[in-house]
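# A structural walkthrough
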Amino acid sequence: MDGAIKGALFERGLLTEDQTRAGAELAARVAAEGFETVRLLFADQHGILRGKAIAARTLGSALASGLSVPSTLILKDTAHRTVFDVWKDGLTLDGVSLAGAGDLLLVPDVATFTPLPWSPHSAIILCDLAYRSGQRVSVSPRGVLRRATEALARTGHDAVMGLEVEFQVFAIEDDGLSHDQATMPPAALTTRNTTQGWAFLTETRYGAVEPLLDEIRRAAEAMGLAPRSMEIEMGPSQFEFTFDASDPLTQADRFVLFRMMVKDICQRQGLHASFMPKPRVANAVANGWHIHQSLVSRQTGRNVFTPAVDGQPTAEAGAWIAGLLDHAPATCLLTNPTVNGYKRFSAFQLAPNRVQWGTDNRGAMLRALLYAGDPASRIENRVADTTANPYYALAGQILSGLDGLNRGATPPPPTLTPYAEDQVSLPATLDAAIQAFEASPLYAQALGADFVRYLAHLKRAEWGRYLATISEWEQAEYFTLF
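Computed from a predicted structure; not experimentally measured.

Attention now goes to empty space enclosed by the protein. Counted by the stated rule, this structure contains two cavities of 30 Å³ or more. In this model, the largest cavity occupies a volume close to 60 Å³. Every residue lining the largest cavity is listed: Leu 324, Ala 328, Thr 331, Cys 332, Thr 335, Met 365, Asn 381, Val 383, Gln 397 and Ser 400. Of all the elements in the fold, those that place two or more residues in the lining of the largest cavity are α8 (328–335) and α9 (390–407).

The structure is reproduced here in structure tokens:
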């Protein structure tokens, strides 16, 4: 194999000969180009990148044998608390015991090697997860999305996805580093705005923050993330980036790398970037993540959503719409995985709160952009928010749409009144989304009972901590009255 080392990952069937050879070539490139560190990272259950930075000289060994990390990393909620009892016998996943907080293996995907423009001595490699036996971890997010795309491919179709990502950038007034702020989770930062807002898409606002947006754009381009537009959104300090359409795995990788890059670059400038759906700061506007999606025939290479008549879905597009609608409540746990995300579902705010579709209607959950002869015809799902794990969220889109496709389902008529009260509501709380997800036959069958139990347990821990917290509303409502 041309000098490539057949290490533990190859012997356990986790790497092919071609991947092993590519790893040896990458290790040589890293040495030749003078990189000092390489960060081996995986997207965890929340879509947050975790892992280790290693000295560049050790990369060859890590690529051949993997890198061990504690299994508790996949057992943590959004406060980084381990919410499964690792000291109790019987804790298993995929039939493998996780009791005792043993190790998992990071399996580097050398195709994702990405130098960091703001840290030119360093680079990132995204990883998958496996047990030491060589069995893959079923809840590993990149693997979940791969399995969904493989199921779709068996129908003779590939999905094409596009991203619109909204976020805010604030100036930091209190960095939260006093000892009493080092709680779990840590105290929220105190911030002020970088723009006043309410000047949607105006050049004046863009000019005020052009240096920051230029730095983010240049970094995104250097990392191969393919940004298309940089936009001034409606709210104070709010921006949006859009990206070239691509296959789902590439798009999910872009999402986690972009979110990490924006936060890192801003932090270095004394700024705080937040992708929280509904920040609790005065006059803040909610952040959404709009998922554009279409299907391409593997046989012809053509977009099967392109209609003969404007606005009239093809059979494939109609079935896909029907599948997304049928499974929308259950899929909310994948697209809107936090307590905060459900506070974005408010009427007349360009965010959906009903299970509907419409033709170029920004109030509907699904906005159909279907034009005769247009190869970019697509469905835009406006339900997701920017806390979503993109691998799980895109897998949810594919599995829902695929179910509609397999059934030959037909959608209801499009809506002109997306906030009408006689329509089916999206879940109003994280708890309602958990219940819908647990009750879904689709996700039990497509992702497995282990995955359903695992994700529901994680999110229930988050919901339980939320309910146990005495809110400012309760204090104001009851402290004086009673």
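Formed by 132 residues in total, the largest nonpolar core has its most connected members in Leu 40, Ile 74, Phe 258, Met 261 and Trp 289. Per element, the largest residue contribution to this core is 11 residues, and it comes from helix α6 (residues 248–268). Counting residues in each nonpolar core, the second largest holds six residues, with Leu 9, Leu 14, Leu 105 and Ala 130 among its members.

A few words now on α6. Taking 1.5 Å per residue, 21 residues should reach 30 Å; α6 reaches 30 Å between its end C-alpha atoms and fits that length. With 16 of 21 residues buried, α6 is to be regarded as a mostly interior element. The opening residue of α6 is Asp 247, an N-cap whose side-chain oxygen sits 3.2 Å from the backbone nitrogen of Leu 249. Immediately beyond the C-terminal end of α6, within one or two residues, lies Gly 270, with a positive phi of roughly 75°.

By volume, the second largest pocket is sized at about 610 Å³. Taken together, 29 residues line the second largest pocket, and the ones lying closest to its centre are Glu 166, Glu 233, His 290, Leu 350 and Arg 382. Only β9 (157–174), β12 (238–246), β14 (289–297), β16 (366–369) and β17 (378–381) provide two or more residues apiece to the lining of the second largest pocket. Counting residues per element, the lining of the second largest pocket draws most heavily on β12, which supplies three residues. Residues of the lining of the second largest pocket, tallied by class, amount to 10 nonpolar, seven polar and 12 charged.

Next up on the list: unusual backbone geometry. The step from Met 184 to Pro 185 runs through a cis peptide bond, and the omega angle for that step is 0°. For Pro 185, the position within the fold is in the loop between β9 and β10 (190–193). Positive phi is not limited to glycine here, since Ala 226 has a value of about 60°. Residue Ser 237 is not a glycine yet carries a positive backbone phi of 65°. With respect to the helices and strands, the residue Ser 237 is situated in the loop between β11 (227–232) and β12.

Further remarks concern the packing of α6 against α9. At a minimum axis distance of 9 Å, the contact between α6 and α9 shows a crossing angle of 150°. Classed by the angle they form, the pair α6 and α9 counts as roughly antiparallel. Classified by chirality, the crossing of α9 by α6 is right-handed. Only Pro 390, Tyr 391, Leu 394 and Ile 398 of α9 make contact with α6, whose side of the interface consists of Pro 248, Leu 249, Gln 251, Ala 252, Asp 253, Phe 255, Val 256 and Arg 259.

This brings us to the pairing of strand β8 (residues 122–130). With respect to burial, β8 is a largely interior element, nine of its nine residues being buried. Burial of the side chains of β8 extends over both faces: Ser 122, Ile 124, Leu 126, Asp 128 and Ala 130 are buried on one face and Ala 123, Ile 125, Cys 127 and Leu 129 on the other. For strand β1 (residues 37–43) and β8, the ladder comprises five bridges, and the chain directions are parallel. Following the sheet pairing, Val 38 is matched in β8 by Ala 123. Here four bridges tie strand β6 (residues 103–108) to β8, and the two strands are oriented antiparallel to one another. Residue Val 107 lies in a different strand from β8, and its bridge partner there is Asp 128.

Calculation criteria
- Residues numbered from 1 in each chain as written.
- Predicted model: local features only at pLDDT ≥ 70, side-chain atom pairs only at ≥ 80, totals over all residues.
- Heavy atoms only, no water.
- 1 Å grid on protein atoms, 1.4 Å probe; cavity = no way out; pocket = protein on both sides within 12 Å on 5 of 7 lines; lining within 4 Å.
- Points joined across faces, edges and corners; volume = space filled by probe spheres on them.
- Helix = DSSP H or I, 4+ residues; strand = E, 2+ residues; numbered from the N terminus.
- Core = buried A, V, L, I, M, F, W, Y, C linked by side-chain atoms within 4.5 Å.
- Buried < 20%, exposed > 50% of the residue type's maximum accessible area, 1.4 Å probe, protein only.
- Expected span 1.5 Å × (residues − 1).
- Polar contact = N/O pair within 3.5 Å; in protein donor to acceptor, adjacent residues only side chain to side chain.
- Nonpolar A, V, L, I, M, F, W, Y, C, P; charged D, E, K, R; others polar.
- Axes fitted to C-alpha atoms, helices over the stretch in contact; angles between N-to-C directions.
- Parallel < 35°, antiparallel > 145°, perpendicular 65-115°, else oblique.
- Left-handed = near helix turned anticlockwise from the far one by under 90°.
- Contact = heavy atoms within 4.5 Å.
- Pairing = 2+ DSSP bridges.

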